[in-house]
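# Fold and geometry: a report
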Amino acid sequence: MKIEQVLQTKFGFNHFREGQREIIEDLLAGNHVLAVLPTGTGKSLCYQLPAYFMKRPVLIVSPLLSLMEDQVQQLKANGEKNVIALNSFLREEEKKEALRHLAAYRFIYASPEILQNAYVIQALQSANVGLFVVDEAHCISQWGHDFRLDYLHLGDVWQSLGKPICLALTGTATNEVLEDIKHYLQLKDAHEHLYSMNRPNIAMNVEYVEGVKEKKEKLLAYVKHLQNPGIIYCSSRALTEELTVYLKENGIENVQYYHGGMESSERMLIQQQFLENQLDVICCTSAFGMGVNKRNVRFVIHFQPPPQLESYVQEIGRSGRDGEDSIAILLYHEGDDELAYSLLEMELPSSDIVFYCLSTLRTNKQAMSLKKVEDHFLFTIGIQETHWRFLRYYLQKEGVIVGDTVYPSLVQESLHEKIVDAVKERLQNKYRKYTAMKQFIHTHECRRQLLMRYFEEEGLSEKINCCDQCGISLDDYKKRENLKKKRIFKDWESELRILLRQGEE
DNA sequence: CGTCAAGCTCTTAGGAGCTTGACGGTGCTCTAAT
């Protein structure tokens, strides 16, 4: 059977999108592939289609539970029964059962964390995985160093599975991020399929304001006049709630907030409402967006600058996926830098915490269970979980933690310095990235040109409405009230047709 | 940086007005034996 036939019969498409065929053919030829494909659309096909040519299961490493569940549901809706997501949603019995019969699945989704368990790896080994996929592979670089360090172990996982064909997929990546991906996956000979990050239909605008009051006024004016739907990104949870109230008080009706502190059921509901056009505006933290595939988002407003240009590009890239014009607006005030810096610093343990943990460990002579040490640091002392994970990664690297056992006697004097140096290096990296963000904000040249240079790409968009430096006609993005009002009720049949067409999105 | 709560001072008894310090975001997993 040819790949076109499978595309038609299994997925119902007549032709491939840009890049898909090349990637699939490369994988089927037995090559490792590193692929950067802009926008979320059509990436999953790159591993889902080859699965039908393989006798062995495909393992997909996915960063979010919601993303895994989405994909599983989609595949099931497509008639594929042999799909499983290995995560904490499974009850113990279900998990055991699944692990016993892993080889029977065509698609196995898993988080990087669950892949740290020896028994999971054993089960995967006997399932004989044929394709190892890292979805949203930029997470290796963006989260792996300090937030979710298990991402850095994926190379070991791949190796312990006997190095099956590997596919690393992402939407945006600088060369530095690509290098990180290759390094931590231990991928030496991957074929690269890189497509431009540039999205010519997204205009970019940066506006300077004097303070928060002015920011809110500008925000309100934009939300009032711009075409819906839109996303507003903020750097704090409280602010997403505050802005939602503010917008509602000022006549914007369908607004909701979304952040990581909410119940997951509530988050799911709001995301669903947004996808189904029941909300005009969503005020959110960076928690919102990954895996949200909505085609008709018309604006993205940043109430604060994100910590790096990679995040900025990902976030504004959630608009205009239908190819129609959309606009990205960044509201900036000098004070924003301080908040950004303190958020960066929060990510890593201070020298004091490193010193405290290591000296506490050293008071013990005997080996201890990891669980006990972990409980002590997290619950008795109250060290932040991410900080502990950072320390744990280095303790593992130095051989102080092996498996589930901690050997305090192996804590060397020099380890403190080593870890503190690692913290410093990470911080410097983060400062450097925020500096690039500031350069983007303060530049006097074309913003698109600067972005493309940052991503080490050639070429430039000559489109009108490129960025505020080149000139934007804001009127092009305004609500078209007149058009809406002119459309009058004709008959039920045509009303229904319009409704159904909206439903297709 | 902006916000908010706690604590202090002043002046005169409960409240106003000030300073100080903390905080701010992203997610996975819990198989541990008694």
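Residues numbered from 1 in each chain as written. Chains lettered and ligands numbered in written order. Predicted model: local features only at pLDDT ≥ 70, side-chain atom pairs only at ≥ 80, totals over all residues. Heavy atoms only, no water.

Residues Met 1, Leu 28 and Phe 53 make up a contiguous nonpolar surface patch of about 300 Å² in total accessible area. Relative to the assigned elements, Phe 53 resides in the loop between helix H3 (45-48) and strand S2 (58-61). (Patch = residues over 30% accessible without salt bridge, like charges linked within 9 Å, V, L, I, M, F, W, Y side chains within 5 Å. Areas by Shrake-Rupley, 256 points an atom, 1.4 Å probe, with all protein chains shown as cover. Salt bridge = Lys/Arg side-chain N within 4 Å of Asp/Glu carboxyl O. Helix = DSSP H or I, 4+ residues; strand = E, 2+ residues; numbered from the N terminus.)

Our focus in this paragraph is the protein's contact with DNA strand B. With respect to spatial proximity, 36 residues lie near DNA strand B, and among them Leu 65, Tyr 119, Arg 237, Thr 285 and Glu 347 are the closest. Within 4 Å of the protein, the atoms of DNA strand B are drawn from sugar and phosphate moieties in a proportion of 53%. The separation between a phosphate oxygen of DNA strand B and a polar side-chain atom of Arg 267 is 3.3 Å. Here a phosphate oxygen of DNA strand B sits 2.4 Å away from a polar atom, N or O, in the side chain of Thr 285. When contributions to the surface near DNA strand B are tallied by element, the ones reaching two or more residues are helix H5 (92-100), helix H14 (336-346) and helix H17 (385-397). The leading source of residues in the surface near DNA strand B is H14, at five residues. For the surface near DNA strand B, the class distribution of residues is twelve nonpolar, 14 polar and ten charged. (Near = heavy atom within 4 Å. Polar contact = N/O pair within 3.5 Å; in protein donor to acceptor, adjacent residues only side chain to side chain. Nonpolar A, V, L, I, M, F, W, Y, C, P; charged D, E, K, R; others polar.)

Our next topic: the packing of aromatic side chains. Counted according to the given criterion, the structure contains 13 aromatic pairs. Relative to Phe 107, the ring of Tyr 52 lies with its centre 6.2 Å away and its plane at 65 degrees, an arrangement referred to as edge-to-face. On the criterion of sequence distance, the pair formed by Tyr 52 in the loop between H3 and S2 and Phe 107 in strand S4 (residues 107-110) is long-range, its members being 55 residues apart. Grouping residues by exposure puts Tyr 52 and Phe 107 together as buried. (Phe/Tyr/Trp six-rings, centres within 6.5 Å; stacked < 30°, edge-to-face > 60°. Buried < 20%, exposed > 50% of the residue type's maximum accessible area, 1.4 Å probe, protein only.)

On to the pairing of strand S1 (residues 33-36), then. Burial along S1 is two-sided: Val 33 and Ala 35 facing one way and Leu 34 and Val 36 facing the other are all buried. Pairing between S1 and strand S7 (residues 191-194): four bridges, direction parallel. Paired with Val 33 across the strands is His 191, a residue of S7. (Pairing = 2+ DSSP bridges.)

This paragraph deals with empty space enclosed by the protein. Under the criterion given, the structure shown has two cavities of 30 Å³ or more. Of the volumes computed, that of the largest cavity is approximately 80 Å³. Surrounding the largest cavity, Met 197, Asn 198, Arg 199, Ile 202, Met 204, Val 313, Ile 316, Gly 317, Arg 448 and Leu 451 form its lining. Counting only elements with at least two residues in the lining of the largest cavity, the list comes to strand S8 (202-208), helix H13 (309-316) and helix H19 (447-454). For the lining of the largest cavity, the residue count by class is six nonpolar, two polar and two charged. Quantified by volume, the second largest cavity comes out at close to 40 Å³. If you trace the second largest cavity, you find it lined by Leu 149, Asp 150, His 153, Arg 389, Arg 392, Tyr 393 and Gln 396. Here the residues of the lining of the second largest cavity sort into two nonpolar, two polar and three charged. When we break the lining of the second largest cavity down by domain, the ones giving at least three residues each are domain 1 (3-194) and domain 3 (348-472). (1 Å grid on protein atoms, 1.4 Å probe; cavity = no way out; pocket = protein on both sides within 12 Å on 5 of 7 lines; lining within 4 Å. Points joined across faces, edges and corners; volume = space filled by probe spheres on them. Domains from an automatic or database assignment.)

For the rest of this paragraph, the subject is the environment of Ala 367. With respect to the helices and strands, Ala 367 occurs in the loop between helix H15 (351-362) and strand S14 (368-369). When the C-alpha positions of Ala 367 and Gln 412 are compared, they lie 15 Å apart, and in sequence the two are 45 residues distant. When near neighbours in sequence (up to four residues on either side) are disregarded, Ala 367 contacts Thr 405, Val 406, Tyr 407 and Pro 408. (Contact = heavy atoms within 4.5 Å.)

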